[in-house]
Amino acid sequence: EEIDYTWVANMSLKFQGCYHTQQWNEEADGEEDVRISTQRLVRFRLCPTDTCSMESAAGCSEGYGDYIIGMEEYLEAYFEAVQQDQEDSCEYEK
């Protein structure tokens, strides 16, 4: 069954910040292994586009969802979106 993502078309992404957390490394079994690992995370908010404010750090005050994902995943998606936007702009200008 496919997941319906059409609801996100009317939402804007508002970056909230980066966070680092440390946790015990369950996979460490040798003396050379790192015992404590660091997770790099990004927090962002999806706001309804019609109420999202670029001036406000929060972006919006209702109808939003806060999300936390790995920094690597966030950056991959961000740069992919930037590249797609640039490609779309080039196609539009032709």
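The structure contained in this document is the topic of the report that follows. All values derive from a computational prediction rather than experimental measurement.

Points about the state of the cysteines
Disulfide: a covalent bond connecting the sulfur atoms of a pair of cysteines.
Okay, step 1: This model, assessed by the stated rule, comprises 1 disulfide.
Okay, step 2: Note that C47 is cross-linked by a disulfide to C60, the S-S spacing being 2.1 Å. The disulfide joining C47 to C60 has a torsion of about -85° about its S-S bond and is therefore left-handed. Here C47 is found in strand β2 (residues 36–48), whereas its partner C60 is found in the loop between β2 and β3 (65–70), with 13 residues between them in sequence.
Okay, step 3: Accessibility expressed as a relative area gives 8% for C60, which makes it buried.
Okay, step 4: Not part of a disulfide, C18 finds its nearest cysteine sulfur in C47, a span of 17 Å.
Okay, step 5: The exposure class assigned to C18 is partly exposed, which follows from its relative accessible area of 42%.
Okay, step 6: With no disulfide of its own, C52 lies closest to C47 among cysteine sulfurs, the gap being 4.3 Å.

Describing the sheet that holds strand β1 (residues 11–24)
Okay, step 1: The strand order across the open sheet formed by 3 strands is β1-β2-β3, and the pairing between neighbours is antiparallel. Of all strands in the sheet, those with a lone pairing partner are β1 and β3, marking the two edges. When strand polarity is set aside, the average angle formed by the axes of neighbouring strands in this sheet is 25°.
Okay, step 2: In terms of strand pairing, β2 meets β3 through 6 bridges, oriented antiparallel. Considered in β3, the bridge of F44 is made with Y67.
Okay, step 3: Together, β1, β2 and β3 form the strand contacts of helix α1 (residues 71–93), whose direction differs from that of β3 by roughly 105°.

Rules behind the numbers
Residues numbered from 1 in each chain as written. Predicted model: local features only at pLDDT ≥ 70, side-chain atom pairs only at ≥ 80, totals over all residues. Heavy atoms only, no water. Disulfide = S-S within 2.5 Å. Helix = DSSP H or I, 4+ residues; strand = E, 2+ residues; numbered from the N terminus. Buried < 20%, exposed > 50% of the residue type's maximum accessible area, 1.4 Å probe, protein only. Pairing = 2+ DSSP bridges. Axes fitted to C-alpha atoms, helices over the stretch in contact; angles between N-to-C directions. Contact = heavy atoms within 4.5 Å.

Such coordinate-based values are descriptive only and should not be taken to indicate function.
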